Amino acid sequence: MKTRLIVSASLVGLLAACSGPRAFTRGTYEDPNTIEMLSDQFNENDLQLIAKKMVGSLANSPRFAQPAQQLPVVLVGRMKNKTSEHIDMGSLGDKIQTGLAQTGRFALLDKAAREDLAEEYEYQQSGYVDPNAAKGPGQQASADYLLTGEISSIVQQVGRDKLVYYKMTVKLNNVRTGIVEWTDEKEIRKKFEKKHISW
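Values in this document were obtained by computation on a predicted structure and should not be read as measured data.

Draft legend 1. A look at the packing of helix 2 (residues 44–59) against helix 3 (residues 89–103). Running from N to C, helix 2 and helix 3 point in directions that differ by 40°, and their axes come no closer than 9 Å. Remark: the crossing between helix 2 and helix 3 carries right-handed chirality. Contacts between helix 2 and helix 3 pair L47, Q48, I50, A51, M54, V55, L58 and A59 from the former with S91, L92, K95, I96, G99, L100 and T103 from the latter. Class assignment of the residues belonging to the contact of helix 2 with helix 3 gives a composition of 10 nonpolar, four polar and one charged.

Draft legend 2. Region of the structure containing helix 3. The end-to-end C-alpha distance of helix 3 is 22 Å, a good match for the 21 Å that 15 residues give at a rise of 1.5 Å each. Where the residues of helix 3 are buried, they touch helix 2, strand 1 (73–81), strand 2 (107–109), strand 3 (145–158) and strand 4 (161–174). Between a side-chain oxygen at the N-terminus of helix 3 and the backbone nitrogen of G90 the separation is 3.2 Å; the capping residue is D88. Note on helix 3: the residue one or two positions beyond its end, G104, has a positive phi of about 75°.

Draft legend 3. Looking closely at the nonpolar core. Among the nonpolar cores identified, the biggest contains 29 residues, and I50, L58, I96, L147, I151, M168 and L172 are the most heavily contacted of them. Those elements that provide at least two residues to this core are helix 2, strand 1, helix 3, strand 3, strand 4 and strand 5 (180–193). For this core, the leading source of residues is helix 2, giving seven residues.

Calculation notes
- Residues numbered from 1 in each chain as written.
- Predicted model: local features only at pLDDT ≥ 70, side-chain atom pairs only at ≥ 80, totals over all residues.
- Heavy atoms only, no water.
- Axes fitted to C-alpha atoms, helices over the stretch in contact; angles between N-to-C directions.
- Helix = DSSP H or I, 4+ residues; strand = E, 2+ residues; numbered from the N terminus.
- Left-handed = near helix turned anticlockwise from the far one by under 90°.
- Contact = heavy atoms within 4.5 Å.
- Nonpolar A, V, L, I, M, F, W, Y, C, P; charged D, E, K, R; others polar.
- Expected span 1.5 Å × (residues − 1).
- Polar contact = N/O pair within 3.5 Å; in protein donor to acceptor, adjacent residues only side chain to side chain.
- Core = buried A, V, L, I, M, F, W, Y, C linked by side-chain atoms within 4.5 Å.
- Buried < 20%, exposed > 50% of the residue type's maximum accessible area, 1.4 Å probe, protein only.

Laid out in structure tokens, this is it:
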């Protein structure tokens with residue numbers, strides 16, 4: 001009788017363990033450029049495709065294709081999300097900014113660092129730093145161009161089929177004149193089929 005109780009308890013414990021919550025316990029490094037679509041949401045591949053297209057298009061546009069004696073100063077401004085999804089537009093802006101910097105054809109201003117720079121000016125003017133070496137406000141570079149963009153989407157679903165379309169438009173505005181001196185767009189269209197998932 002005691003043996004049966006022990007076996008029964010073991011089986012109950014085993015079944016409880018099998019039916020309990022699952023967790024990801026093992027992982028491997030993957031190539032971040034590998035295209036995988038695990039869901040119908042905006043993913044890192046979409047972000048990479050958009051950034052690559054915009055950096056290449058701007059760097060090779062007639063206005064900036066030839067290296068200039070003085071690099072044009074670009075400020076990456078607001079990237080708007082007009083889709084119904086949560087998209088990290090800050091990461092998208094950073095990806096474009098990094099790509100532009102790596103071309104060697106642009107000087108980039110970091111909008112997010114401005115508050116930190118203001119704090120650093122205060123510290124350097126506080127007397128702790130050699131006055132002859134201290135930096136202060138009034139000498140920062142000004143932006144020649146403001147880069148802005150927005151992403152929108154259209155979702156169509158009929159039966160088991162779903163089409164997701166994204167369009168990212170980016171513009172480069174001349175800060176002095178307000179003229180749009182460059183613009184381009186990247187379109188992404190993805191198709192999904194709904195299937196039953198067995199556990």
